[in-house]
Amino acid sequence: MCYHVGSPSKSELKNKLPKKKIYYPNENEIFHISGFTRPYLPVTLNQDADAVIEARWKLIPGWVKTETEANKYANTLNAEAESIFEKASYKNYIHNNRGLLYVTGFYEPHKVAGKKDTENYFIYAPKHEIISLGIVYSHFTDKETGETYPTFSVITTAANELLEEIHNEKKRMPLVIPEESRDAWLFAEGKEEIKQLMIPYPKELNAHQVYRVTADRSGNTNRPEIQKPWSGQTSLF
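This is a predicted model, so every value here is computed, not measured. (Residues numbered from 1 in each chain as written. Predicted model: local features only at pLDDT ≥ 70, side-chain atom pairs only at ≥ 80, totals over all residues. Heavy atoms only, no water.)

A short note on the overall build of the protein
Item 1. For the protein, the count of helices and strands is five helices and 13 strands.
Item 2. In terms of overall dimensions, the protein is globule-like: its C-alpha atoms have a radius of gyration of 17 Å, near the 18 Å expected for 237 residues.
Item 3. By principal-axis analysis of the C-alpha atoms, the protein measures approximately 50 × 35 × 35 Å.
Item 4. Partitioning the intrachain contacts of the protein with sequence separation of at least 6 by distance along the chain shows that 67% fall at a separation of at least 24.
Item 5. Total accessible area on the protein stands at roughly 11300 Å², and carbon and sulfur atoms take up 48% of it. (Helix = DSSP H or I, 4+ residues; strand = E, 2+ residues; numbered from the N terminus. Rg over C-alpha atoms; globule rule 2.2 N^0.38 Å. Contact = heavy atoms within 4.5 Å. Areas by Shrake-Rupley, 256 points an atom, 1.4 Å probe, with all protein chains shown as cover.)

This is the structure we're talking about:
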């Protein structure tokens, strides 16, 4: 499942998405961030497809009333494409509330036979272009403070050939929306049209083994070398 990503800076978003109005405030690239910290990341929502804003990872459905409850709410970092139209947390949003999460890449675990700990791989576009992940979103309002902000889940699909080899236990991957399909994803109408776009990514992605970020508890993984090939890597590729 997709719980760990790299995130582009504001200047990179302006450079790679010149037709968008960039309201995302973070000037710095994020080399690794965990969804479990509920970070604010750059997204385009179909309610304003010309803009890039910040939204908070982990969709909070409408029946959650306060920030305290939101922090305790079950794991909605990811939403499985196969059940998204039936699951209570998502079924009221997937028809009309879809968006794109912009990342520089994402991290996935790899299980090695005979070893307790998994390895980690960083997956990215061949020319290091920004990758857009399909998301479903909800606007959360804290009933105690009145604060409102968008929250989202990353949609996941069955793995493509590359991710079947890397994420070899669960064989899942995030929904990667090709650049030429971004508008189709944002403006799709009806269940069947949406479902046709929730497929394993058919194009090329690159990957290499990196430091095991999924197990790091130091809080110091947001640094450039995190994305570089790990010196102790094995021979998966």
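Things to note about the nonpolar core
Item 1. Core analysis: the largest hydrophobic core is formed by 57 residues, its most contacted members being Ile 84, Leu 101, Val 136, Phe 152, Ile 155, Trp 185 and Met 198.
Item 2. In terms of residues, this core owes the most to one element, strand β10 (residues 131-141), which gives five residues.
Item 3. Not counting residues up to four positions away in its chain, the partners in contact with Met 198 are Ala 81, Ile 84, Phe 85, Ile 155, Thr 157, Leu 175 and Trp 185. (Core = buried A, V, L, I, M, F, W, Y, C linked by side-chain atoms within 4.5 Å. Buried < 20%, exposed > 50% of the residue type's maximum accessible area, 1.4 Å probe, protein only.)

Side note on the layout of surface pockets
Item 1. Each pocket or cavity is described by its volume, and for the largest pocket that value is around 580 Å³.
Item 2. Ile 130, Pro 178, Glu 179, Glu 180 and Arg 182 are the residues nearest the centre of the largest pocket, which is lined by 28 residues in total.
Item 3. Within the residue set of the lining of the largest pocket, elements represented by two or more residues are β7 (98-103), β10 and α4 (182-187).
Item 4. No other element matches α4, which puts three residues into the lining of the largest pocket. (1 Å grid on protein atoms, 1.4 Å probe; cavity = no way out; pocket = protein on both sides within 12 Å on 5 of 7 lines; lining within 4 Å. Points joined across faces, edges and corners; volume = space filled by probe spheres on them.)

Let's talk about the sheet that holds strand β8 (residues 105-110)
Item 1. Across the sheet, five strands lie side by side as β3-β1-β8-β9-β13; this open sheet has antiparallel pairing. Strands at the two margins of the open sheet, each flanked by one partner only, are β3 (30-34) and β13 (206-210). Each adjacent strand pair in this sheet contributes to an overall mean axis angle of 30 degrees, direction not counted.
Item 2. Looking at chain direction, strand β1 (residues 4-7) and β3 are connected through three bridges and run antiparallel. For Ser 7, the partnering residue across the bridge sits in β3 and is Ile 30. (Pairing = 2+ DSSP bridges. Axes fitted to C-alpha atoms, helices over the stretch in contact; angles between N-to-C directions.)

Let's talk about the environment of Ile 166
Item 1. Tracing the sequence through the fold places Ile 166 in helix α3 (residues 161-166).
Item 2. In the structure, Ile 166 is positioned 41 residues away from Ala 207 in sequence and 8.8 Å away in space, judged by C-alpha atoms.

Concerning the pattern of salt bridges
Item 1. One pass over the full model with this rule turns up eight salt bridges.
Item 2. The shortest N-O distance in the salt bridge between Glu 67 and Arg 38 comes to 2.7 Å. Within this pair, whereas Glu 67 is found in helix α2 (residues 67-72), its partner Arg 38 is found in the loop between β3 and β4 (40-45), the two being separated by 29 residues in sequence. Here Glu 67 and Arg 38 have matching classes, each one buried.
Item 3. One salt bridge connects Lys 191 with Glu 86, and the closest N-O pair in it is separated by 3.7 Å. Of the two residues, Lys 191 is situated in helix α5 (residues 191-197) and Glu 86 in the loop between β6 (78-80) and β7; the sequence distance between them amounts to 105 residues.
Item 4. Residue class for Lys 191 comes out partly exposed when judged on its relative accessible area of 33%.
Item 5. The class for Glu 86 is partly exposed, based on a relative accessible area of 49%.
Item 6. Shared partners join several salt bridges into a network, and the residues in it are Arg 38, Arg 56 and Glu 67. (Salt bridge = Lys/Arg side-chain N within 4 Å of Asp/Glu carboxyl O.)

So, the side chain of Thr 76
Item 1. Here Thr 76 is to be found in the loop between α2 and β6.
Item 2. With residues near it in sequence (within four places) discarded, Thr 76 still touches Lys 58, Leu 59, Ser 89, Tyr 90, Phe 152 and Ser 153.

Some remarks on the pairing of β4
Item 1. Judged by how many residues are buried, β4 sits mostly within the fold: five of six residues are covered.
Item 2. Relative to strand β5 (residues 51-57), β4 runs antiparallel, the two sharing four bridges. Within β5, the position partnered with Pro 42 by the bridge is Glu 54.
Item 3. Of the pairings in the sheet, the one linking β4 to β7 comprises three bridges and is antiparallel in character. In the sheet register, Val 43 faces β7, and the bridge partner there is Leu 101.

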